[in-house]
Amino acid sequence: MRGGYATALNEALALGCKSLQILPYARHHAPSAEELSSFSAARSAAKLQLLVHSRFVPSLASSDFVRRDRSIKHLANELILTTALGGDAFVIHGGAYSPDSSLDEGVKLFARSVIMAVEQSSCRIPLLLENVPGGGRRMGGSLEDLARLQDALKPSLPNIGVCLDTAHAYAAGYDCSSAEGALKFLARAHRLLGFDAVRAFHLNDSRALLGSHREHHEHWGKGRLGSEGLKALLDREEFARTPGILETPKDGPDADRLNLEFARRLSV
Ligand SMILES: [Zn+2]
């Protein structure tokens, strides 16, 4: 988002992307209504699927009312922007529960906060819960956790789904580096979350160790995941139209192109 909405869209089109994920706004920049509507029109014309990723990891599950309330307002603002941008889905992390609290309580507070933000923003765009590296009080590292978050939201938000991140899965202890491991992870996701719950992927290699609970995205081919597990995911026909987003490092002008080429070579 550094170059603004139009630049982000043009970059994606130049790379031949069919889907794009953006943060709802650049830091210190509140977009004008014109910027939002012209982006929304250009995006529809380009037929790109648009995911919007929450910028904050908000304290939606915090026991502290003031922090929670602030997070609800942040989230509601992001959802208002996502609607104005014409997003197809909004990706959000579960955050962490407070030290004096429990997973049970955290799940409840998170769900209540998300529902309040959706109501405040009148947002109708599907929310996707993303798996995280997990560890400690962070919620959503295991697929069981993710299922609990999803179950807590489903009665109020029936179109809730999930976005699976390969690097986070690996750091959480799911070995997606082999075809067998990736398909086992997927089968478990289907069983715990529902067959139609997986609506997007974050396709990242990881430098973090298996089960380390650390976040360290890496270029494809330079991390611990490699090509075998990725190919197994890309080969699944049920995900032929499911967006796969690269969140690999952007440390050079060719970084995105090279990572896309790596994935595209595997999916032919
Ligand atoms: Zn991700």
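Structure first, text after, so check above.
This is a predicted model, so every value here is computed, not measured. For every chain, the first residue of the written sequence is number 1, and numbering continues from 1 onward in sequence order. Per-residue local features are limited, in this predicted model, to residues with pLDDT of at least 70; the limit for side-chain atom pairs, both in listing and counting, is 80 or more; totals at the level of whole chains, interfaces and linings are taken over all residues. By convention in this description, side-chain values take in all heavy atoms of the structure and omit both hydrogens and water.

Remarks on unusual backbone geometry
One can expect most non-glycine residues to show negative phi and most peptide bonds to be in trans.
And step 1. Despite not being glycine, K47 has its phi angle at roughly 55°, a positive value.
And step 2. Under the DSSP-based scheme used, a helix requires at least four consecutive residues in state H or I and a strand at least two consecutive residues in state E, with every element numbered from the N terminus. Position of K47 among the secondary structure elements: in the loop between α2 (33–46) and β2 (49–53).
And step 3. Even without glycine at this site, H213 takes up a positive phi of about 60°.
And step 4. Mapping H213 onto the fold places it in the loop between β7 (205–206) and β8 (217–218).
And step 5. To sort residues, take the accessible area from a 1.4 Å probe on protein chains only and compare it with the maximum for the residue type: under 20% means buried, over 50% means exposed, and anything in between is partly exposed. Given the relative accessible area of 34%, H213 is considered partly exposed.

A look at empty space enclosed by the protein
And step 1. A cavity, in this analysis, means grid points on a 1 Å lattice covering only the protein atoms where a 1.4 Å probe fits yet has no way out; a pocket is instead an open set bounded by protein on both sides within 12 Å along at least five of seven lines, and a residue lines either one if it has an atom within 4 Å of a point. Grid points are joined across faces, edges and corners, and a volume is the space filled by probe spheres set on the points. Within the structure shown, the criterion is met by one cavity of 30 Å³ or more.
And step 2. When its volume is computed, the largest cavity comes out at roughly 40 Å³.
And step 3. As for the largest cavity, its lining consists of T166, C176, A182, W220, L225, G226, G229, L230 and L233.
And step 4. Top contributing element to the lining of the largest cavity by residue count: helix α8 (residues 226–234), with four residues.
And step 5. Residue polarity follows a fixed list, in which Ala, Val, Leu, Ile, Met, Phe, Trp, Tyr, Cys and Pro are nonpolar, Asp, Glu, Lys and Arg are charged, and the others, Gly among them, are polar. When the residues that make up the lining of the largest cavity are grouped by side-chain class, the tally is six nonpolar, three polar and no charged.

So, the environment of R224
And step 1. You can see R224 is positioned in the loop between β8 and α8.
And step 2. For R224 and L109, which are 115 residues apart along the polypeptide, the C-alpha to C-alpha distance reads 35 Å.
And step 3. The contact rule is simple, with two residues in contact once any of their heavy atoms fall within 4.5 Å. Every residue in contact with R224, bar those within four places of it in the chain, is listed here: Y170, S177, D205, S206, R207, A208 and L209.

Shape descriptors only; they carry no functional weight alone.
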